[in-house]
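# What the coordinates show
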Amino acid sequence: MTSGDGKPGIVLVTGGGSGIGLATVERTLADGVHDCAIIDLNPDAAVVDDLIARFGATRVTAITCNVADRDAVTHAVDDVLAARRITGVVNCAGTLLAKPSLELTLADLHRLFDVHVAGSLFVAQAAARSWITAGTPGVIVNVSSVASSFGWPGRLPYPIAKSSVEAMTRTLAVEWARWGIRVNAVAPGSVDSPLMAEGRRPAGVKPLEEVADRHALGRPAASSEIAAAIAFLLSEQSSFMTGAVVPVDGGFTITKDSAKELAQ
Ligand SMILES: NC(=O)c1ccc[n+]([C@@H]2O[C@H](COP(=O)([O-])OP(=O)(O)OC[C@H]3O[C@@H](n4cnc5c(N)ncnc54)[C@H](O)[C@@H]3O)[C@@H](O)[C@H]2O)c1
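### As for the site of the ligand
Around the ligand sit 28 residues in total, of which S18, I20, D40, Y158 and S193 are the nearest. The separation between a nitrogen atom of the ligand and a polar side-chain atom of N66 is 2.8 Å. Contact distances for the ligand include 2.6 Å between an oxygen atom and a side-chain N or O atom of Y158. Taking 820 Å² as the accessible area of the ligand by itself, protein coverage stands at 91%. Judged by its atoms lying within 2 Å of the grid points, the ligand is housed in the largest pocket.

### Structural notes on the layout of surface pockets
Over the atoms, a rolling probe the size of a water molecule traces out where space has been left empty. The computed volume of the largest pocket comes to approximately 1000 Å³. In terms of lining, the largest pocket is formed by 48 residues, of which the most central are C92, A93, G94, T95 and L195. Counting residues per element, the ones that place at least two in the lining of the largest pocket are α1 (19-31), β2 (35-40), α4 (106-134) and α5 (157-176). Reported here for the second largest pocket is a volume of approximately 470 Å³. H34, T87, V139, L234 and E236 are, among the 22 residues lining the second largest pocket, the residues nearest its centre. Only α1, β4 (85-91), β5 (138-143) and α7 (223-234) provide two or more residues apiece to the lining of the second largest pocket. Broken down by element, the residue count for the lining of the second largest pocket peaks at four residues, all from β4. A breakdown of the residues in the lining of the second largest pocket according to their chemical character gives nine nonpolar, nine polar and four charged.

How each quantity is defined
- Residues numbered from 1 in each chain as written.
- Predicted model: local features only at pLDDT ≥ 70, side-chain atom pairs only at ≥ 80, totals over all residues.
- Heavy atoms only, no water.
- Near = heavy atom within 4 Å.
- Polar contact = N/O pair within 3.5 Å; in protein donor to acceptor, adjacent residues only side chain to side chain.
- Areas by Shrake-Rupley, 256 points an atom, 1.4 Å probe, with all protein chains shown as cover.
- 1 Å grid on protein atoms, 1.4 Å probe; cavity = no way out; pocket = protein on both sides within 12 Å on 5 of 7 lines; lining within 4 Å.
- Sits in = over half its atoms within 2 Å of the grid points.
- Points joined across faces, edges and corners; volume = space filled by probe spheres on them.
- Helix = DSSP H or I, 4+ residues; strand = E, 2+ residues; numbered from the N terminus.
- Nonpolar A, V, L, I, M, F, W, Y, C, P; charged D, E, K, R; others polar.

See the structure below:
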């Protein structure tokens, strides 16, 4: 979609190289309204080539960037803004850590806080500055987790980070509403993404088949099912929603046996 200044609209998707972020990029490109910029630590060339083959080179931009590095985020967003008008932000970049709470260090806490909380804030700030300067509205979707709302033994930095993402969602929604910026979040249950794959998920985190029955629907989500909710929150269909945290969890939060998640 081209704006009055002639610049085509683009959605920034952090963590867009994999899992929920990649599904969000695919969904956004398939919807056809906006182009996408993948902001990721190390976007896989094969993934980017595949997107370009399916949707066209002008619609896909891949930027190598650590979202926890505020200056790097500012530079990355400035590069995008040289040719594009940012229409939305999806903060998907993230990772997981499994460690007994008795052993956690400051570095462990930083590892998750920096990407989930600081990283989401830095990308939101950079986009919001562009919207405020241009006098245009904007929309931000953060990715939380059901882990923000139950005790998840042995994973403490993750629920801390995701609770903070939700607190940030509510505060930014109120603080930036006067500029027409909406800020919402999704809180997925277990999602069948590379983060949870054998050999990728941290030791002690259970495989998806063992946590499937913690969801009322009896299965984990596909990444595309989370992307569908994100697409709704990005769109004008959700024009009266801000500061909301939407569970997209197959009924996970209405089951109450999370202690089983503790590795035996
Ligand atoms: N998979 C699940 O079960 C699940 C459930 C609830 C919430 N989530 C959340 O969804 C989001 C996406 O997770 P996913 O399952 O798609 O994982 P994933 O590992 O498939 O994708 C995460 C992406 O984030 C990128 N990334 C990590 N740190 C980064 C950084 N500092 N800067 C830039 N990019 C960075 C990775 O390179 C990767 O491409 C995360 O925030 C995760 O916490 C996942």
